[in-house]
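Reading the structure
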Amino acid sequence: MHRAHRELTVRAARDRQCNVLIHPVVGMTKPGDIDHYTRVRVYKAILPKYPQGMATLSLLPLAMRMAGPREALWHAIIRKNYGCTHFIVGRDHAGPGKNSQGVDFYGPYDAQHLVAKYKDELAIEVVPFQMVAYVPETDEYVPENELTPGTKTLNISGTELRRRLKTGAAIPDWFTYPDVQKILRSQNPPRAKQGFTVFLTGYWNSGASIIAEALQIVLNQDGQRPTTLLKGETIRSELSQELGFSKKDRDLNIKRISFVAGEVTKCGGAVIAAPIAPYDAARQDAKKTISQHGGFFLVHVATPLEFCISSDRTGTYAKAKAGEIRGFTGIDDPYEPPAKPDIRVDASIHPVSQIVHEIILLLEREGYIGER
C-alpha cells in the first residue's frame, strides 16, 4: 500500500460513513509477487497514517488462485462472513495476467461487474477501485474524474517502482511513506547490495577452474561482499560423493550446486560456480533457481576440446580415450555448448587475467560491483 491507496480507502470510507478493514491474503501467491511477510510489515507501517480508529488490520490465511472475477466473488463472500458491509474490488482483481498470446485473460473491470451482479444476494455493496492522481500544486490526491482539464499530475507505475527499487533510485515521499519505502528497500536492495552467481561451464581442463580461482581473488580484494567458490571437484567430494557420471547424476549434482548458490546469493553473497555442467537443460534450471534470488551470469569457457586434451598433463583424457574412464565429457559423453551465454571466452587464446577482467566489467556494467 502507498499513499494513493490510503487516500482512496479514506475517501471511500468517509463517503459511506464506514471504517476500513485492511484484510490482506497471507498465503501462497504467484511468482514474482512481494511476499506476504513484507506486505504485512507495510500494512502495519501505514496503519497509523489513517485517522484515529478508522482502520483495522486482520490477516486472511488464504492462497491466491488468480481466478479473476470468480475469485473476486469468492473474496466478497469471505469478507461478508467477516462482517463487512462494503467490498473494494480492484482493477483486474486477482487476474492471472496475459495468456500465451499476450492477451489479458479477463477485462480490467470484469471482476467488478460480476460481484455487482450478485451484490443483492451477497448483501454486500461493491466499491469500485477509483483511480486517483497526485496533484503537485496542491500536494494532494484527487480522483481522476474530478480533475479539471490541463491539471498537472504525477504518477509512478508498478514497473517504474520496481526499477527504482532495483537501481536504488529515489522514490518521492508524495508516492509512498518513508516507513514503507524503508521496508520495501530492505527486501529489494539495489543491485550493488544484491548477491550474484557467476556460473562457468566448459570441458574438463578448459581453464574454468583457474579462472574461477582468479576471479575469487579479485572479488575478495574488492571486499564488497563475501565470495564463495564452488568448484566441480570440491562439490563432488563434499556434497555429491555418492553420485556417478550418468546424465541423471550429473543433473542432480548441478541441482545441488544451484541450491547452494541460490541460498548464498539470497543472503547477498557472491558465488563462483565452476562445474563442467555439460547439459543445457540443467544449466537453464540452475539459472531459474538462482535468478529468483539475485544475479546470474553464465560464462562459457569455450576452450577447444583439442587444446584441453593436448594441454592435459595428468593423462586423464588419455585414460578416457583408452576406456579406463567411462562417461567422460568430450570423449564418450556429449557437451552441449550454451547458445546465449553472457560471456564466451577461450583460455587457449586469452590469458586468465584478461578473461577475469572481462567478467569484472560485466558485473560492473550490470551494477553488482563498483561505485554507481
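A quick note: this is a predicted structure, and the numbers were derived from the prediction, not measured.

What counts and how
- Residues numbered from 1 in each chain as written.
- Predicted model: local features only at pLDDT ≥ 70, side-chain atom pairs only at ≥ 80, totals over all residues.
- Heavy atoms only, no water.
- Salt bridge = Lys/Arg side-chain N within 4 Å of Asp/Glu carboxyl O.
- Helix = DSSP H or I, 4+ residues; strand = E, 2+ residues; numbered from the N terminus.
- Phe/Tyr/Trp six-rings, centres within 6.5 Å; stacked < 30°, edge-to-face > 60°.
- Buried < 20%, exposed > 50% of the residue type's maximum accessible area, 1.4 Å probe, protein only.
- Lys NZ or Arg CZ within 6 Å of the ring centre and 35° of its normal.
- Expected span 1.5 Å × (residues − 1).
- Arc of directions from axis to C-beta.
- Contact = heavy atoms within 4.5 Å.
- Core = buried A, V, L, I, M, F, W, Y, C linked by side-chain atoms within 4.5 Å.

1. What about the pattern of salt bridges?
Taken as a whole and judged by the stated rule, the model has 12 salt bridges. Ionic pairing is found between Glu242 and Arg256, a salt bridge with its closest N-O pair at 2.7 Å. Taken together, the residues Glu242 in the loop between helix H9 (232-238) and helix H10 (247-266) and Arg256 in helix H10 connect sequence positions 14 residues apart. Among the charged side chains, a network of salt bridges with common partners joins Glu160, Arg163 and Arg164.

2. Topic: the packing of aromatic side chains
One pass over the structure, following the stated rule, counts 10 aromatic pairs. Here Tyr203 and Tyr335 contribute two aromatic rings whose centre-to-centre distance is 5.0 Å and whose plane-to-plane angle is 45 degrees, an arrangement assigned as tilted. Placement of the pair is Tyr203 in the loop between strand S7 (196-201) and helix H8 (208-222) and Tyr335 in the loop between helix H13 (316-321) and strand S11 (343-345), with a sequence separation of 132 residues. Of the two residues examined, Tyr203 and Tyr335, each falls in the buried class. Members of the aromatic cluster, connected to one another through ring pairs, are Tyr134, Tyr141, Trp174 and Phe175. In this arrangement the basic side chain of Arg236 is found over the ring face of Phe245, its NZ or CZ atom lying 4.0 Å from the centre.

3. Notes on H8
Helical periodicity: at 3.6 residues per turn, an α-helix aligns residues three or four positions apart in one direction. Given a rise of 1.5 Å per residue, 15 residues ought to cover 21 Å, and the 21 Å separating the end C-alpha atoms of H8 matches this to within 8%. Turning to H8, its buried residues are Ala208, Ile211, Ala212, Leu215 and Leu219. Along the long axis of H8, the arc covered by the buried residues comes to 100 degrees, so they all point the same way. Exposed residues lying more than 90 degrees from the buried face of H8 are Ile210 and Gln221. Buried residues along H8 sit against S7, strand S8 (227-231), strand S9 (270-274), strand S10 (295-301) and helix H14 (352-365).

4. Observations regarding unusual backbone geometry
The phi dihedral of Asp92 is positive, around 50 degrees, even though this residue is not glycine. For Asp92, the location among the structural elements is in the loop between strand S3 (86-89) and helix H4 (110-117). With a relative accessible area of 26%, Asp92 lands in the partly exposed category. A positive phi angle, near 70 degrees, is found at Asn205, a position not held by glycine. Along the chain, the position of Asn205 falls in the loop between S7 and H8.

5. Observations concerning helix H3 (residues 69-81)
Its 13 residues place the ends of H3 19 Å apart at the C-alpha level, agreeing with the 18 Å of an ideal helix rising 1.5 Å per residue. Within H3 the residues assigned to the buried category are Pro69, Glu71, Ala72, Leu73, His75, Ala76, Ile78 and Arg79. Those residues of H3 hidden inside the fold are in contact with S3, H4 and helix H5 (119-122). Taken from the residues just after H3, Gly83 is the one with a positive phi, measuring 100 degrees.

6. Some thoughts on the nonpolar core
Of all hydrophobic cores here, the largest spans 25 residues; its most connected members are Phe196, Leu200, Leu219 and Ile359. Broken down by secondary-structure element, the contributors of at least two residues to this core are S7, H8, S9, S10, S11 and H14. It is H14 that contributes the most residues to this core, 6 residues altogether. Each residue touching Phe196, except ones within four places of it in the same chain, is listed here: Leu219, Arg225, Thr265, Gly269, Ala270, Val271, Gly295, Phe297, Leu363, Tyr368 and Ile369. If you look at the next biggest cluster of nonpolar residues, it comprises 24 residues, including Val20, Ile22, Tyr43 and Val132.

As far as function goes, none of this settles anything; it's purely spatial.
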